[in-house]
Amino acid sequence: MRPDLKIIADLVNPGARVLDLGCGEGELLAGLRAEKQVNGYGLDVDPDNIAICVGKGVNVIEQNLDQGLANFPDDSFDMVVMTETLQSVRMPVLVLDEMLRIGQECIVTFPNFGHWRSRWHLLLKGRMPMARHLPHDWHDTPNIHLCTVKDFERLVRDKGLRIIQRFVAGADHRNRPLMNLMPNLFGAIAFYRLGRPPCSR
Amino acid sequence: MARDFAHEGSVGIVTPQRLRVPGEFGLQCGESLDGFELVFETYGQLNAARSNAVLVCHALSGSHHAAGYHAEADAKPGWWDACIGPGKALDTDRLFVVSPNNLGGCHGSTGPATVDPATGEAFGPAFPAVTVKDWVRSQALLADHLGIERFAAVVGGSLGGMQALQWAIDEPARVGAAVLIASAAKLSAQNIAFNEIARQAITSDPNYLAGRFRSADANPEQGLGLARMIGHVTYLSDSGMGQKFGRELKSGNLSTARGVEFQVESYLRHQGRSFARRFDANTYLLMTRALDLFDPAGECGGDLVAALRRAQSDFLVLSFSTDWRFSAARSKEIVDALIAAGKNVVSAVIDSAHGHDSFLLPLPRYVGVLKAYMDRLAAAAEAGSADAS
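All values reported here derive from a predicted model rather than from experimental measurement.

Asker: Which parts of the structure should I look at to understand helix α3 (residues 189-203) of chain B?
Answerer: Counting along an α-helix, one turn takes 3.6 residues, and residues three or four places apart therefore face a common direction. Residue and element names in this part refer to chain B. With 15 residues, α3 extends 21 Å between its outermost C-alpha atoms, agreeing within 8% with the 21 Å of an ideal straight helix rising 1.5 Å per residue. Every buried residue of α3 is listed here: Asn-191, Phe-194, Asn-195, Ala-198, Arg-199, Ala-201 and Ile-202. Seen end-on, α3 carries its buried residues on one side only, within an arc spanning 155 degrees.

Pasting the structure below:
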């Protein structure tokens, strides 16, 4: 399994009901089924991805996140996962709200715009940062809502959400000690396991 | 020179078979039939473990002739030849496909056009109302006859998808996967309205003769043709018709407004006429009524999730972007209920300009998803067969 998906898989309890938003080729769900008896569902809109998921026997549903998740009832999943997709949805806060309405907990990962390479790129070259974890040119990027670790944590604090676990990694999805010390400077990809505000229901 | 059917990806020449089921067959409406016959075709070979059978259920105007040709000179193959054949989505090199004509149909199974032995005349309007549940029970008897305990999949589009859904609910142990294409868990008011207009067109034709037209050697061709024209328009999309016909004229002159006939008018009239010559008006009434009545959630107080909990099968639910007769939203309702019921489900909304009729067409993405899904089932059936031998 891809290293970042392995990190996420480790956070999912065996037998949990899992919804994967933007499930891509279904690798996480296929892995969870094989290793944790998790029979989850994935949403995606890419025809090629859907065909690949079908071939793997993954429960893939063609649905566009930007058209909402109103069809999923409250508390219908134990865990809702979204991997490096937050930055490309039209309304990230709404999606985050929906994830914690549908699921007891959620796992969100995103590329950290505060990484030193991004800062360096902008400072020295005066151009929109590009890096291994941010490979697109400004005019053809799907990433319309990039943020830093600090930005995200501020949002989480404002919304009163619980951070159950936080984890940062390099573009290769591996963690190194320096990253934990200064996550916003040295983490390329951030992982958050979030819960609802205490006593929200 | 003989045609190279295998090269065309065709099952080749097929011969319909017939099953006679003796004894009383009680129907949901309370009436019963004194035995009945089903005509059906099969494609491919049933494996030793009997694990590779797939039931194909037809839609309103379909028949048992789903693939291949009845004679080498036939211009057109069966109605779903795009998806059934060697190497196709329903790969007859791996799967054993069973395709019956529904009870109440007019292609050889017992129906309104059949002679009632009690009277010596066609059943006509006296043929009892048949429901999707009745079809499932009759098809289950065909499965018994063929020695098929469990279908790897039950597959259908439109009204056929409704049968697949009912199979999953009524015969949970006998369905591995239900494949629902351009279907719905129940008809909307608009959809019933179109059916009622079609029925009124038929019954108000003077040649309908209260359904006894066969005895008078008549046919309500005008009414049945009109019913088909209405249906046909709803099976296409605005953009699809625009692409196919635009405002092309068949004859006449727009500037003088004389003798104007648009291509689309001529096409529809031809469709209506040729349909009316080959289809039974009473079967059309019966089939549209079965569509209207279908509502498996009804048995659970309108709760589709509760109805689906009984199912043990996996599900594939496909819909088409421009289908407005059985819209993608209707399929979405089924998918949401399946997720809520905790069932395995795959769903895709195929981009297509061809409306409801898309399910009959060889659209690459549609056929690709269907084939990927069916190939997995075929592989599982083969693995099961290897275990059994």
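Still more ground to cover, so stick around.
Asker: What am I meant to see in unusual backbone geometry here?
Answerer: Of all residues except glycine, most have a negative phi; of all peptide bonds, most are trans. Residues and elements named next belong to chain B. For Arg-50, which is not glycine, the phi torsion reads 55 degrees and is therefore positive. Within the element layout of this structure, Arg-50 appears in the loop between β2 (32-43) and β3 (53-57). On the accessibility criterion, Arg-50 (41% relative accessible area) is partly exposed. Residue Ala-257 is not a glycine yet carries a positive backbone phi of 60 degrees. By the element assignment, Ala-257 lies in the loop between β11 (249-253) and β12 (258-262).

Asker: In this structure, what is going on with the pairing of β12(B)? I would like to understand it.
Answerer: Remember that side chains alternate between the two faces of the sheet whenever the strand is regular. Residues and elements named next belong to chain B. When β11 meets β12, the two strands line up antiparallel, connected through three bridges. Bridge pairing in β12 places Asn-253 opposite Arg-258. Hairpin connection between β11 and β12: a loop of four residues separates the two successive antiparallel strands, and Ala-257 in this loop has a positive phi of roughly 60 degrees.

Asker: Quick question: what am I supposed to make of the nonpolar core here?
Answerer: Where a protein is soluble and globular, its nonpolar side chains tend to be buried together. Residue and element names in this part refer to chain B. Counting residues in each nonpolar core, the largest one holds 170 residues, and the members touching the most others are Ile-181, Tyr-366 and Leu-370. Take this core: its biggest share by element is nine residues, from helix α10 (residues 364-388). The contact partners of Ile-181, leaving out residues within four places of it in the chain, are Trp-80, Val-155, Gly-156, Gly-157, Ser-158, Leu-318, Phe-320, Phe-359, Tyr-366 and Leu-370. Core analysis: the next-biggest nonpolar cluster, separate from the first, contains five residues, Met-241, Phe-245, Tyr-267 and Leu-268 among them.

Asker: It is not clear to me how the interface of chain B and chain A should be interpreted in this structure. Could you clarify?
Answerer: Where the parts come together, the accessible area they lose is often given as the size of the interface. Counting residues at the interface gives 18 residues for chain B and 19 residues for chain A. When residues of chain B are sorted by the area they lose upon contact with chain A, Ile339(B), Arg365(B) and Arg376(B) head the list and together hold 33% of the total. The tally of links between chain B and chain A comes to one salt bridge. Measuring nitrogen to oxygen at the nearest pair gives 2.7 Å for the salt bridge that ties Arg365(B) to Glu62(A). Where chain B touches chain A, the interface holds 12 residue pairs in polar contact (both at pLDDT 80 or more).

Analysis parameters
Residues numbered from 1 in each chain as written. Chains lettered and ligands numbered in written order. Predicted model: local features only at pLDDT ≥ 70, side-chain atom pairs only at ≥ 80, totals over all residues. Heavy atoms only, no water. Helix = DSSP H or I, 4+ residues; strand = E, 2+ residues; numbered from the N terminus. Expected span 1.5 Å × (residues − 1). Buried < 20%, exposed > 50% of the residue type's maximum accessible area, 1.4 Å probe, protein only. Arc of directions from axis to C-beta. Pairing = 2+ DSSP bridges. Core = buried A, V, L, I, M, F, W, Y, C linked by side-chain atoms within 4.5 Å. Contact = heavy atoms within 4.5 Å. Buried area = accessible area lost by both parts, 1.4 Å probe. Salt bridge = Lys/Arg side-chain N within 4 Å of Asp/Glu carboxyl O. Polar contact = N/O pair within 3.5 Å; in protein donor to acceptor, adjacent residues only side chain to side chain.

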